[in-house]
Amino acid sequence: MSQLLEKYDMNGIRLSSRVVMAPMTRCRARTAVADEQTALYYRQRAGAGLIISEGSQVSAEGTGYLYTPGIYTSEQVAGWKKVTDAVHEEGGKMFVQLWHVGRMSHVSLQKEGVAPVSSVDVAARNSNCYAYGENGEPGPVQASRPRALDTNEIPRITADFVSASIRADEAGFDGVEIHGANGYLFEQFANGKLNTRTDEYGGSTMNRLRLTLETVDALVEQLGSTRVGIRLSPFGRLYDMPAFDDEENTWLTLGRELSKRNLAYVHLSDQKAFINEGIGEDFLWKFRDAYTGALILTGCLTQESGEALVEQGLCDLAGFGRPFVANPDLVDRFRNRWPLSSVDLPTLYTGGEKGYADYPTYQEQRELCVEGSI
Ligand SMILES: Cc1cc2nc3c(=O)[nH]c(=O)nc-3n(C[C@H](O)[C@H](O)[C@H](O)COP(=O)(O)O)c2cc1C
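This structure is a prediction, so every number in the text was calculated from the model and none was measured.

Bringing the overall build of the chain into the picture now. Within the chain, the regular secondary structure consists of 12 helices and 14 strands. Expected size for 374 residues packed as a compact globule is a radius of gyration near 21 Å; at 20 Å, the chain falls within 12% of this value. Dimensions of the chain along its principal axes, counting C-alpha atoms only, are 70 × 50 × 40 Å. By residue count, 58% of the 374 residues in the chain fall in the buried class. Pairs at least 24 residues apart make up 73% of the contacts formed inside the chain by residues separated by at least 6 positions. With an accessible surface of roughly 15100 Å², the chain has 49% of that area assigned to carbon and sulfur atoms.

Attention now moves to the site of the ligand. Around the ligand, 19 residues are found, and the nearest of them are Pro23, Thr25, Arg231, Cys300 and Arg322. Gly55 is positioned such that a nitrogen or oxygen atom in its backbone is 3.2 Å from an oxygen atom of the ligand. If the ligand stood free it would expose 610 Å²; the protein chains cover 95% of that surface. For the shell around the ligand, the class distribution of residues is 9 nonpolar, 8 polar and 2 charged.

Moving on, we get to the environment of Arg208. Positionally, Arg208 belongs in helix H5 (residues 205-223). Between the C-alpha atom of Arg208 and that of Asn152, which follows or precedes it by 56 residues, the distance is 16 Å. When near neighbours in sequence (up to four residues on either side) are disregarded, Arg208 contacts Phe189, Ala190, Asn191, Gly192, Asn195, Tyr201, Gly202, Gly203, Phe244, Asp246 and Thr250.

Bringing the side chain of Ser233 into the picture now. Mapped onto the elements, Ser233 comes out in the loop between strand E11 (228-232) and helix H6 (247-259). Of note is the side chain of Ser233, whose polar atom sits 2.7 Å from the backbone nitrogen of Asn182.

Another aspect to go through is the sheet that holds strand E10 (residues 175-180). For sheets, the rule is that strands pair by backbone hydrogen bonds, running either parallel or antiparallel. Taken in spatial order, the 8 strands close into a barrel running E3-E4-E5-E10-E11-E12-E13-E14, and their pairing is parallel. Adjacent strand axes in the sheet meet at a mean angle of 25°, parallel and antiparallel pairs treated alike. Relative to strand E14 (residues 317-320), strand E3 (residues 19-21) runs parallel, the two sharing 3 bridges. Across the sheet, residue Val20 finds its bridge partner in E14, namely Gly319. Together, E3, strand E4 (50-57) and strand E5 (94-99) form the strand contacts of helix H1 (residues 36-44), whose direction differs from that of E4 by roughly 150°.

To continue, consider the pairing of strand E8 (residues 138-142). Note that strand E7 (residues 128-132) and E8 share 5 bridges and pair antiparallel. Within E8, the position partnered with Tyr132 by the bridge is Pro138. Following E7, the chain reverses through 5 residues before pairing antiparallel with E8; Gly136 in that reversal takes a positive phi of roughly 80°.

Attention shifts here to H5. Along its 19 residues, H5 runs 27 Å from first to last C-alpha, staying within 8% of the 27 Å computed at 1.5 Å per residue. In the structure, H5 departs most strongly from a straight axis at Leu211, where the bend amounts to approximately 45°. Just past H5, the residue Gly224 takes up positive phi, approximately 95°.

The next subject is the side chain of Glu187. Relative to the helices and strands, Glu187 resides in helix H4 (residues 185-190). We note that Glu187 is buried and unpaired, the nearest opposite charge coming from Arg237 at a distance of 7.1 Å. At 2.8 Å, the side chain of Glu187 forms a polar contact with the backbone nitrogen of Gly183. Non-local contacts of Glu187, meaning those with residues more than four positions away in its chain, are made with Gly180, Ala181, Asn182, Ser233, Met241 and Trp251.

Across all of its chains, the model carries 15 aromatic pairs by this definition. With centroids separated by 6.4 Å and ring planes inclined at 80°, the aromatic side chains of Phe189 and Tyr201 adopt a geometry described as edge-to-face. You can see Phe189 sitting in helix H4 and its partner Tyr201 sitting in the loop between H4 and H5, a full 12 residues away along the chain. Aromatic side chains Phe283 and Phe287 sit 5.9 Å apart centroid to centroid with 35° between the ring planes, which places their arrangement in the tilted category. Within this pair, Phe283 and its partner Phe287 are both found in helix H8 (residues 281-290), separated by 4 residues, close to a single helical turn. The buried category is assigned to Phe283, whose relative accessible area is 3%. A residue is classified by how much of its surface remains accessible, and Phe287, at 0% relative accessible area, is buried.

Attention now moves to the state of the cysteines. Simply put, the disulfide is a covalent bond whose two ends are the sulfur atoms of two cysteines. Within the structure shown, the criterion is met by 0 disulfides. Here Cys27 stays unpaired: no disulfide links it, and the sulfur of Cys129, its closest cysteine neighbor, is 11 Å away. According to the relative accessible area criterion, Cys27 is buried, its value standing at 4%. Just so you know, Cys315 is unpaired, no disulfide at all, and the nearest cysteine sulfur is the one on Cys300, 14 Å from it. Residue classification places Cys315 among the buried residues on the basis of a relative accessible area of 1%.

About the criteria used
- Residues numbered from 1 in each chain as written.
- Predicted model: local features only at pLDDT ≥ 70, side-chain atom pairs only at ≥ 80, totals over all residues.
- Heavy atoms only, no water.
- Helix = DSSP H or I, 4+ residues; strand = E, 2+ residues; numbered from the N terminus.
- Rg over C-alpha atoms; globule rule 2.2 N^0.38 Å.
- Buried < 20%, exposed > 50% of the residue type's maximum accessible area, 1.4 Å probe, protein only.
- Contact = heavy atoms within 4.5 Å.
- Areas by Shrake-Rupley, 256 points an atom, 1.4 Å probe, with all protein chains shown as cover.
- Near = heavy atom within 4 Å.
- Polar contact = N/O pair within 3.5 Å; in protein donor to acceptor, adjacent residues only side chain to side chain.
- Nonpolar A, V, L, I, M, F, W, Y, C, P; charged D, E, K, R; others polar.
- Pairing = 2+ DSSP bridges.
- Axes fitted to C-alpha atoms, helices over the stretch in contact; angles between N-to-C directions.
- Expected span 1.5 Å × (residues − 1).
- Bend = angle between axes of the 7 residues up to and from the residue.
- Lys, Arg positive; Asp, Glu negative; His and termini not counted.
- Salt bridge = Lys/Arg side-chain N within 4 Å of Asp/Glu carboxyl O.
- Phe/Tyr/Trp six-rings, centres within 6.5 Å; stacked < 30°, edge-to-face > 60°.
- Disulfide = S-S within 2.5 Å.

Rendered as structure tokens:
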């Protein structure tokens, strides 16, 4: 059997395989609260070694899309508890992805219509969030121009993550993943071209990484280091993230810093599915040297490429996004070399029941075929 499908001890958390369900926003939570359908969707996918939930906003301010389930009220905690109970009943493990979108928001999502916040007051060009348009209807809307956070406000952001991590614990999650990837708040600070701040959160590499590391440290203190992971997307270009001079050094410095902290894992999001430019093997080897703990890699992987990466030692765990949407029994399919179903792209984010918890397992598919042929 390939290493990918063998059990894995993730810094004390025992996983049934190294196959990870990557975080995927599905916009099914009408009132921003996870519900029975959410629980069913994740229960169906609990055969993953580890599930990482869709992004869950740590505050109303951190919201960038309508219908995403948050983690800042007791009602939301109760909703998530249904989900973790379902996953645990099936023997699975689940982390919640803690999310603050920063400037990838819209005034219609903010309390009293104020501007979203970021490192600087620069809008993400040609970047849509999902909010209320001018006609009051939900839909894709250009992200609003943010305001720059004052230095003395920044500890509040970290405090919101701490509160969310306390709620995550109450909701029964095995751990939390900080969403430090894909152009959202932490990247808006880490990016050396975008972030032109002159206080201790801008300028030098360590200054640009300060918010990320302060938040990691605060969550480590709250939950213990082995229940904290973080997702990063080195060289990410999503949502108007520009290239910058110190780029490779920034991510390797962060890798070295995280290495000192004995985390559950670092999760690299390779954006090649969306921007045609990957992280690249050269950088991956360098990152592997810089960060010595458990490493998850996600982005356009197949069973074969995931197995090869793990065998080569380039990562410890392989993440799968879209394949998990369409194949709730993905690990069974890998084990048995059964064919995979393809994802229905139009229903990825649409909010309805279709394309959510209605994808059959391979066995169910076969039964449907047999019934259909009688
Ligand atoms: C529908 C959808 C929603 C996503 N939502 C998130 C998210 O909430 N947080 C995140 O970090 N990445 C998100 N991603 C990125 C995925 O986690 C993953 O990195 C990406 O799909 C590439 O992996 P894949 O080729 O296996 O699908 C999303 C991707 C898709 C397709």
